[in-house]
Amino acid sequence: MTEASIIDGKGFAAGLRERVSRVAADFEAKAGRKAGLAVVLVGEDPASQVYVRNKNKQTVACGMNSFEHKLPVETPEADLLALVEKLNADPAVDGILVQLPLPSHMNEQKVIATINPDKDVDGFHVVNVGRLATGLPGFVPCTPLGCVMLLKDKLGSLSGLDAVVIGRSNIVGKPMAQLLLAESCTVTIAHSRTRDLPAVVRRADIVVAAVGRAEMVKGDWIKPGATVIDVGINRLPPAEGETKGKLVGDVDFASASQVAGAITPVPGGVGPMTIAVLLRNTVVAAHRNAG
Ligand code: GUN
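Keep in mind that this is a model prediction, so the values were computed, not measured. (Residues numbered from 1 in each chain as written. Predicted model: local features only at pLDDT ≥ 70, side-chain atom pairs only at ≥ 80, totals over all residues.)

Here the UniProt-annotated "domain: Tetrahydrofolate dehydrogenase/cyclohydrolase NAD(P)-binding" (unreviewed entry) positions come out as residues 141-289. Within residues 141-289, the helical portion is 36% and the strand portion 16%, while the C-alpha atoms at the span's ends are 19 Å from each other. (UniProt positions renumbered as here; feature names shortened; annotations may be inferred. Helix = DSSP H or I, 4+ residues; strand = E, 2+ residues; numbered from the N terminus.)

Right, here's the structure in full:
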């Protein structure tokens, strides 16, 4: 059995950030100001704090302005909505990202609906969801767009391929399926109620795993030669002598990499793509909104 080739998301993301930096410099020369991304974080969720710190660092490294807004966990929803309105009206802000999850007293859909769709660089607003579904230009959620970039880089045309997406979230599964459909794949969305998931996955030329269950997808579920994209980031319980458990994906890498043609590792696969695509969406927003 031949080993799968490893899809280098980390390297691809670095290349994408370089291209974004050039487009950001071009924007600054034309507009006389830097493109700007506003990131709003409510509360102190440790994973969200890490993401937001990385976003800010990478935004600045690409030559854009990063506007960070940290609000205490008990902030009333009305105050967050007022901040979003202020950012909508601010000409220095091209992209707005409200970090999810929000505290339970807030209505996420209402908050997202308040963001100007043309600054919604996450692609979560229903207007952008509708644009994606109907093939109109808009903003596409960063993680699935990053997955499609990796797939096209590896495979070229995806036309006619059988794709199985495991997971039906609004952030990954559903937009992933729309993007693959737009690439003329035959798309199946599988989820926790799918009957005989291994048999469904075995039909796929492309498997995208986004379920949030550590190492769920096994090597004997994979069609030989298939391309496997692992969106999962799960921390295993610490083994003996470890202080922190190992990070693993939704795919059992050891067995799947014996069967797949190509596979993304965790870490270093899809993960680094999300922020790189966010920066790409922001510079696209700047050019669109200024032009
Ligand atoms: N929380 C986890 N991933 C994301 C993301 O891509 N965007 C936002 N806004 N929140 C998230």
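Alright, that's what it looks like, and here's the rest.
Turning our eyes to something else, we now look at the pairing of strand 6 (residues 186-190). Pairing geometry for strand 5 (residues 162-166) and strand 6, over five bridges, is parallel. Paired with V165 across the strands is I189, a residue of strand 6. Traced from strand 5 through helix 7 (residues 173-182) to strand 6, the parallel crossover comes out right-handed. (Pairing = 2+ DSSP bridges. Right-handed = clockwise from strand over helix to strand, strands pointing away.)

Quick look at the sheet that holds strand 1 (residues 5-6) now. Taken in spatial order, the six strands make up an open sheet running 1-11-8-7-5-6, and their pairing is parallel. Every other strand in the sheet has two partners, leaving strand 1 and strand 6 as the edge strands with one partner each. Here four bridges tie strand 5 to strand 7 (residues 206-209), and the two strands are oriented parallel to one another. Looking at strand 7, one finds that V164 is bridged to V207. Here helix 6 (residues 142-155) sits on the sheet in contact with strand 7, strand 8 (227-230) and strand 11 (262-263), set at roughly 155° to strand 8. Contacts between helix 7 and the sheet are confined to strand 5, strand 6 and strand 7, with strand 6 contributing the most and set at about 170° to the helix. (Contact = placed C-beta atoms within 7 Å. Axes fitted to C-alpha atoms, helices over the stretch in contact; angles between N-to-C directions.)

Right, let's talk about unusual backbone geometry for a bit. In the segment running from L100 into P101, the intervening peptide bond is cis, with an omega of 0°. Here P101 shows up in the loop between strand 4 (95-98) and helix 4 (108-114). For the peptide bond that leads from V266 to P267, omega is 0°, which places it in the cis range. Here P267 lies in the loop between strand 11 and helix 10 (271-290). The phi angle at E215 is positive, at roughly 55°, despite the residue not being glycine. Residue position: E215 is located in the loop between strand 7 and strand 8. Accessibility expressed as a C-beta count within 10 Å gives 20 for E215, which makes it buried. (Buried ≥ 20, exposed ≤ 12 C-beta atoms within 10 Å, placed from the backbone.)

What follows covers the site of the ligand. Every residue close to the ligand is listed here: L97, V98, Q99, L100, D122, C142, T143 and T274. When contributions to the shell around the ligand are tallied by element, the ones reaching two or more residues are strand 4 and helix 6. Considered class by class, the residues forming the shell around the ligand number four nonpolar, three polar and one charged. (Near = placed C-beta within 6 Å. Nonpolar A, V, L, I, M, F, W, Y, C, P; charged D, E, K, R; others polar.)

What follows concerns the domain arrangement of the protein chain. The parts lose accessible area when they come together, and the size of an interface is often stated as this lost area. Domain assignment breaks the protein chain into domain 1 (32-116) and domain 2 (141-270). Relative placement of domain 1 and domain 2: their C-alpha centres are 29 Å apart. (Domains from an automatic or database assignment.)

Here the focus is the sheet that holds strand 4. Taken together, three strands build an open sheet; the order of strands is 3-2-4 and the sheet is parallel. The sheet is open, and its two borders are formed by strand 3 (65-71) and strand 4, each paired with just one other strand. Strand-to-strand twist in this sheet, taken as the mean axis angle between neighbours without regard to direction, amounts to 15°. Bridge count for strand 2 (residues 36-42) against strand 4 is four bridges, and the pairing is parallel. Paired with A38 across the strands is I96, a residue of strand 4. Against the sheet, helix 2 (residues 46-61) contacts strand 2 and strand 3, and its axis sits at roughly 165° relative to strand 2.

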